[in-house]
Amino acid sequence: MGYIAAQRVPEICQKLFCYCGCDYTDEHASLLDCFTSDHGVDCIYCQGEAVMAYKMSRKGSSVEEIQKAIDLNWGPKYPFFEQPSDQIKKYWKTRLWAKGNGPTAAEKHNDETPLYDPFTGAQEKNSKPMGKAEDCCGKKDVKDPANAKGSKEPANAKDAKDAKGSKAATTTKQ
Ligand SMILES: [Zn+2]
């Protein structure tokens, strides 16, 4: 799914940062790099970002809006904030919505940050936290397969929500 999404919007994926930690582990510079090998196969970060980028672009969102949504969703899960890589520093300087030398306050490392809905701006407080980066590309030895499956739920929940429409829009605070 992520691969198909990345194939359809490679020019957008190239302008997105993957927050799974592959900037360190595989020297990836952009999300597109995750899909030029089998790296993205079972990574909820890579997959989720690519699918979100594809969905948003289909709805007419700009690259700037897509970057923002992805940064706010996955940025806070980035495992290396204490020692950001050259890749993410470069991304911060070139991204369109918050160009600068570091993350915005909303992106400060926090595993508990609720998912941000790019279409409504709402934060889904009820959604389960995403899997940690250690469960993903950095370390592939996920012990409990049931757990790994469960960690993919936020993306699916989002799909279901998209289908139902954006009821949550009224709770927007952004
Ligand atoms: Zn990645």
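Residues numbered from 1 in each chain as written. Predicted model: local features only at pLDDT ≥ 70, side-chain atom pairs only at ≥ 80, totals over all residues. Heavy atoms only, no water.

Details of the environment of threonine 94
Here threonine 94 is to be found in helix H7 (residues 86-94). C-alpha of threonine 94 to C-alpha of lysine 15: the two residues are 79 residues apart in sequence and 8.9 Å apart in space. (Helix = DSSP H or I, 4+ residues; strand = E, 2+ residues; numbered from the N terminus.)

So, the coordination of the zinc ion
Around the zinc ion, the protein contributes the donor atoms Cys18 (SG), Cys20 (SG), Cys22 (SG), Cys34 (SG), His39 (NE2) and Cys46 (SG), at 2.5 to 2.8 Å from the metal centre. Considering all six donor atoms around the zinc ion, the spread of angles at the metal, 82 to 174°, places the coordination shape in the octahedral class. (Donors = N, O, S within 2.8 Å, 3.2 Å for Na, K, Ca; no water. Tetrahedral: all angles 85-135°; square planar, octahedral: opposite > 155°, others 65-115°.)

Notes on the environment of threonine 36
Looking at the secondary structure, you find threonine 36 in the loop between helix H4 (31-34) and helix H5 (44-58). Between the C-alpha atoms of threonine 36 and tyrosine 3, which are 33 residues apart in sequence, the distance is 8.9 Å. Among the polar contacts listed, one links the side chain of threonine 36 to the backbone oxygen of aspartate 33, at a separation of 2.8 Å. (Polar contact = N/O pair within 3.5 Å; in protein donor to acceptor, adjacent residues only side chain to side chain.)

What to know about the pattern of salt bridges
Per the stated rule, a full pass over the model turns up two salt bridges. Among the salt bridges present, the one from aspartate 71 reaches arginine 95, with a minimum N-O distance of 2.9 Å. You can see aspartate 71 sitting in helix H6 (residues 63-74) and its partner arginine 95 sitting in the loop between H7 and strand E1 (115-116), a full 24 residues away along the chain. Both residues of the pair, aspartate 71 and arginine 95, count as buried. Two residues, glutamate 107 and arginine 95, come together in a salt bridge whose shortest N-O distance is 3.0 Å. Placement of the pair is glutamate 107 in the loop between H7 and E1 and arginine 95 in the loop between H7 and E1, with a sequence separation of 12 residues. Each member of the pair, glutamate 107 together with arginine 95, is buried. Here the salt bridges do not stand alone but share partners, grouping Asp71, Arg95 and Glu107 into one network. (Salt bridge = Lys/Arg side-chain N within 4 Å of Asp/Glu carboxyl O. Buried < 20%, exposed > 50% of the residue type's maximum accessible area, 1.4 Å probe, protein only.)

By themselves, these are just geometric observations and shouldn't be taken as functional.
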